[in-house]
Number of protein chains: 2
Amino acid sequence: MKKYLEILRRSPLFRGIAPEELEQLIPCLGGGARRYGAGAAILLAGTPVGQMGLVLSGRVQVVREEFSGHRALLAELEPGELFAETFACAPALPGGLPVTVLATQDCEVLLLDLQRVVRSCPNGCPFHSRLVSNLLGVLAGKNLALNRRMVHLSRRSTREKLLSYLSEQAAMAGGMEFTIPFGRQELADYLCVERSAMSAVLSRLRAEGVLETHRNHFKLLRLPEEAL
Amino acid sequence: MKKYLEILRRSPLFRGIAPEELEQLIPCLGGGARRYGAGAAILLAGTPVGQMGLVLSGRVQVVREEFSGHRALLAELEPGELFAETFACAPALPGGLPVTVLATQDCEVLLLDLQRVVRSCPNGCPFHSRLVSNLLGVLAGKNLALNRRMVHLSRRSTREKLLSYLSEQAAMAGGMEFTIPFGRQELADYLCVERSAMSAVLSRLRAEGVLETHRNHFKLLRLPEEAL
DNA sequence: CAAAGTCAGTTGGAATTCCAACAAGTAGGA
DNA sequence: TCCTACTTGTTGGAATTCCAACTGACTTTG
């Protein structure tokens, strides 16, 4: 476990807890590192929910088994990232875990029991409250990200979705010129629109003198009313 | 405060905590009820975030002040409901609270400091862990609801959005026949599509023998492939 | 440098959605 | 019952999106 202290210290769950405190905290959470071979199921859909996981090494996929038998990839996680925390925290999921977590390579994960995280431990160790605070922060952060995306998705047209996203980015950057973290296909996926249609809309916006683009770098010249 | 014990007991935050324990817990959270007149601002956008609120009486609106000065109504809350909990739990929101919370009638609100909720109190009162658990549950539940909706919204066409929603409802009801909690306009709003276009799509699905409808009652006869 | 790959933009016809207006059905109150 | 209000379904033309295929610019790699 020692060799993973650095990863833990930077993980969203253990952030802000000093290494020496971590060594004290981990056993107190009953968390042992487990090793999984490539292709193994770490958590299986339909099984009771109670623990969440943290990737220590290797790579992990979260997938949803569709009606049709088709597998939808929901997330691909790197060391330090959390999984299943939402399900572990949700009150009573009927039908058990709605996703499967797979090891795509040989990997090690730390499985944590929610109850142990929430209850302040008998030793009264003071880092629990930081832990809880971090966990709340993770859930709230996801919530905000989902909400932000929802605001864009709820716009009806590609044009409105784009303008909504771009004006948000401008606001976050604090200016009319900014670089976005997506390529065109990724942006189209994020906004749930057709890439080619989006490209056409971007061209139109350029022609209208609304913006200029260079790859991922955007400059908004003026905001049309649709941006709200 | 006594007269609100029943509301507290049923609120998502204090659920599962007995009344006598509540009386012990509330002061320990430093939560005093505050009274606001109709139209007063309970929490103001841009101010630092640190507390969340619980409606005790009256009615409260959460609104977002848009760029344009336009006000978007995000939620309308009744006694027992929580507000601003996501913002209070999110780590460091630059720019302060992104929404304003208004009293639309005379009302009473319990404002709670997140730090007090998270830190197990000096008296070591054991209900904190239940409280934390509840709060995690609230955030996780919102997360799941947002995710569910996102799955539908991310479908490209009205038809796909509808089928996605209806097959989810069927799955939740455990059968091909179920009643949805929305009227047509509300459903269209939830799925972010045009009501009339949606009506047309429903007609087409009926004509294709995919489903039957009677007001809010639906019967799925067979699932086309687009439903995934 | 050439070949292959990737990314953004363009195009055109089919399909869908948007929008406004209207029609038909239902519920509640006078 | 009549009136009114509300909900749902329908329609038609304009606008937009979808989809597949292609072009051209730039990158990577052998």
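For the structure itself, consult the block above.
Attention in this report is confined to the structure presented alongside it. (Residues numbered from 1 in each chain as written. Chains lettered and ligands numbered in written order. Predicted model: local features only at pLDDT ≥ 70, side-chain atom pairs only at ≥ 80, totals over all residues. Heavy atoms only, no water.)

### Brief notes about the protein's contact with DNA strand D
Here comes step 1: The environment of DNA strand D is made up of 17 residues, and the closest members are Thr158 of chain A together with Arg184, Arg195, Ser199 and Ser203 of chain B.
Here comes step 2: Near-protein atoms of DNA strand D (within 4 Å) split between backbone and bases, with sugar and phosphate holding 62%.
Here comes step 3: Between DNA strand D and Arg184 of chain B there is a distance of 2.8 Å, counted from a phosphate oxygen to a side-chain nitrogen or oxygen.
Here comes step 4: Elements represented by at least two residues in the surface near DNA strand D include exactly helix 6 (158-173) and helix 8 (195-207) of chain A together with helix 7 (184-191) and helix 8 (195-207) of chain B.
Here comes step 5: Among the elements that line the surface near DNA strand D, the one with the most residues is helix 8 of chain B, at five residues. (Near = heavy atom within 4 Å. Polar contact = N/O pair within 3.5 Å; in protein donor to acceptor, adjacent residues only side chain to side chain. Helix = DSSP H or I, 4+ residues; strand = E, 2+ residues; numbered from the N terminus.)

### Regarding the protein's contact with DNA strand C
Here comes step 1: Taken together, 19 residues sit near DNA strand C, with Arg184, Arg195, Ser203 and Arg206 of chain A together with Thr158 of chain B positioned nearest.
Here comes step 2: For DNA strand C, the fraction of protein-proximal atoms (within 4 Å) that sit in sugar or phosphate groups is 71%.
Here comes step 3: Note that a phosphate oxygen of DNA strand C is positioned 2.9 Å from one of the side-chain N or O atoms of Arg184 of chain A.
Here comes step 4: Between DNA strand C and Arg195 of chain A, the relevant distance is 3.0 Å, taken from a base nitrogen to a side-chain nitrogen or oxygen of the residue.
Here comes step 5: Put simply, the parts of the chain that give the surface near DNA strand C at least two residues each are helix 7 (184-191) and helix 8 of chain A together with helix 6 (158-173) and helix 8 of chain B.
Here comes step 6: Looking at which element gives the most residues to the surface near DNA strand C, the answer is helix 8 of chain A, with five residues.
Here comes step 7: Among the residues making up the surface near DNA strand C, the classes are represented as one nonpolar, nine polar and nine charged. (Nonpolar A, V, L, I, M, F, W, Y, C, P; charged D, E, K, R; others polar.)

### Details of empty space enclosed by the protein
All names here are of chain A.
Here comes step 1: For the coordinates displayed, the defined rule picks out one cavity of 30 Å³ or more.
Here comes step 2: Of the pockets and cavities examined, the largest cavity occupies roughly 40 Å³.
Here comes step 3: Residue lining of the largest cavity: Leu43, Thr47, Pro48, Val49, Gly50, Gln51, Ala84 and Leu97, and that is the complete set. (1 Å grid on protein atoms, 1.4 Å probe; cavity = no way out; pocket = protein on both sides within 12 Å on 5 of 7 lines; lining within 4 Å. Points joined across faces, edges and corners; volume = space filled by probe spheres on them.)

### Some words on the relation of the copies chain B and chain A
Here comes step 1: Each copy superposes on the other: chain B lies on chain A with an RMSD of 0.1 Å after a rotation of 180° and an axial shift of 0.0 Å. Overall, the copies show the geometry of a two-fold rotation axis. (Least-squares fit on C-alpha atoms with pLDDT ≥ 70 in both.)

### Focus on helix 8 of chain B
Here comes step 1: The end-to-end C-alpha separation of helix 8 of chain B is 18 Å, in line with the 18 Å expected for 13 residues at 1.5 Å each.
Here comes step 2: The secondary structure elements touched by the buried residues of helix 8 of chain B are helix 6, helix 7, strand 10 (211-214) and strand 11 (217-220) of chain B. (Expected span 1.5 Å × (residues − 1). Contact = heavy atoms within 4.5 Å.)

### Details of the sheet that holds strand 5 (residues 71-77) of chain B
All names here are of chain B.
Here comes step 1: Pairing within the open sheet is antiparallel, and its four strands lie in the order 2-7-4-5. Only two strands of the sheet have a single neighbouring strand rather than two, namely strand 2 (41-43) and strand 5. Pairwise comparison of adjacent strand axes, ignoring direction, gives a mean angle of 35° for this sheet.
Here comes step 2: The pairing of strand 2 with strand 7 (residues 100-103) spans two bridges and is classified as antiparallel. Looking at strand 7, one finds that Ala41 is bridged to Leu102. (Pairing = 2+ DSSP bridges. Axes fitted to C-alpha atoms, helices over the stretch in contact; angles between N-to-C directions.)

### Some thoughts on the interface of chain B and chain A
Here comes step 1: The interface is formed by 37 residues belonging to chain B together with 37 residues belonging to chain A.
Here comes step 2: Between chain B and chain A, roughly 3400 Å² of surface is buried when both sides are summed, and carbon and sulfur atoms account for 73% of that area.
Here comes step 3: On the surface where chain B and chain A come into contact, there are two salt bridges.
Here comes step 4: A salt bridge links Glu194 of chain B to Arg156 of chain A, with the shortest nitrogen-to-oxygen separation between them at 3.3 Å.
Here comes step 5: Taken together, the connections running from chain B to chain A amount to eight residue pairs in polar contact (both at pLDDT 80 or more). (Buried area = accessible area lost by both parts, 1.4 Å probe. Salt bridge = Lys/Arg side-chain N within 4 Å of Asp/Glu carboxyl O.)

### A word on the nonpolar core
Side chains that are nonpolar tend, in soluble globular proteins, to be buried together.
Here comes step 1: Membership of the largest hydrophobic core comes to 96 residues, with the highest contact counts inside it found for Phe14, Ile42 and Phe83 of chain A together with Phe14, Ile42 and Phe83 of chain B.
Here comes step 2: When sequence neighbours within four positions are dropped, the list of residues in contact with Ile42 of chain A reads Tyr36, Val60, Phe83, Val101, Leu102, Ala103, Cys107, Val109 and Leu111 of chain A. (Core = buried A, V, L, I, M, F, W, Y, C linked by side-chain atoms within 4.5 Å. Buried < 20%, exposed > 50% of the residue type's maximum accessible area, 1.4 Å probe, protein only.)

### Topic: the pairing of strand 11 (residues 217-220) of chain A
Residues and elements named next belong to chain A.
Here comes step 1: Side-chain alternation along strand 11 places Phe218 and Leu220 on a buried face and His217 and Lys219 on a face that remains uncovered.
Here comes step 2: Of the strand pairs in this sheet, strand 9 (residues 177-179) and strand 11 are connected by three bridges, and their pairing is antiparallel. Paired with Glu177 across the strands is Lys219, a residue of strand 11.
Here comes step 3: Between strand 10 (residues 211-214) and strand 11, which pair antiparallel and follow one another directly, the connecting turn spans two residues, one of which, Arg215, has a positive phi of 55°.

### What about the pairing of strand 4 (residues 60-65) of chain A?
Residues and elements named next belong to chain A.
Here comes step 1: The sheet contact formed by strand 4 and strand 5 (residues 71-77) spans six bridges and is antiparallel. Opposite Val60, over in strand 5, you have Leu77 as the bridge partner.
Here comes step 2: As paired elements, strand 4 and strand 7 (residues 100-103) share four bridges and run antiparallel to each other. Directly across from Val63, in strand 7, lies its bridge partner Thr100.

### So, the side chain of His152 of chain A
Residues and elements named next belong to chain A.
Here comes step 1: Note that His152 resides in helix 5 (residues 127-153).
Here comes step 2: With relative accessibility at 2%, the residue His152 sits in the buried group.
Here comes step 3: Filtering out sequence-adjacent residues up to four positions away, His152 remains in contact with Lys161, Ser164, Tyr165, Glu168, Tyr190 and Leu191.

### Examining the packing of helix 5 of chain A against helix 6 of chain A
For any two helices packed against each other, the geometry comes down to the angle between their axes and how far apart the axes lie.
All names here are of chain A.
Here comes step 1: As a packed pair, helix 5 and helix 6 sit with axes 8 Å apart at the nearest point and diverge in direction by 140°. Residues Arg148, Val151, His152 and Leu153 of helix 5 form the contact with helix 6, whose own contacting residues are Lys161, Ser164, Tyr165 and Glu168.
Here comes step 2: Residue composition of the contact of helix 5 with helix 6, grouped by class: three nonpolar, two polar and three charged.

### Concerning the environment of Thr213 of chain A
All names here are of chain A.
Here comes step 1: Within the fold, Thr213 resides in strand 10.
Here comes step 2: A C-alpha to C-alpha distance of 27 Å links Thr213 and Leu144, two positions 69 residues apart in sequence.
Here comes step 3: Those residues in contact with Thr213, other than ones at most four positions away along the chain, are Arg184, Arg206 and Phe218.
Here comes step 4: Within the local environment of Thr213, its side chain forms a polar contact with the side chain of Arg206, the two groups lying 2.8 Å apart.

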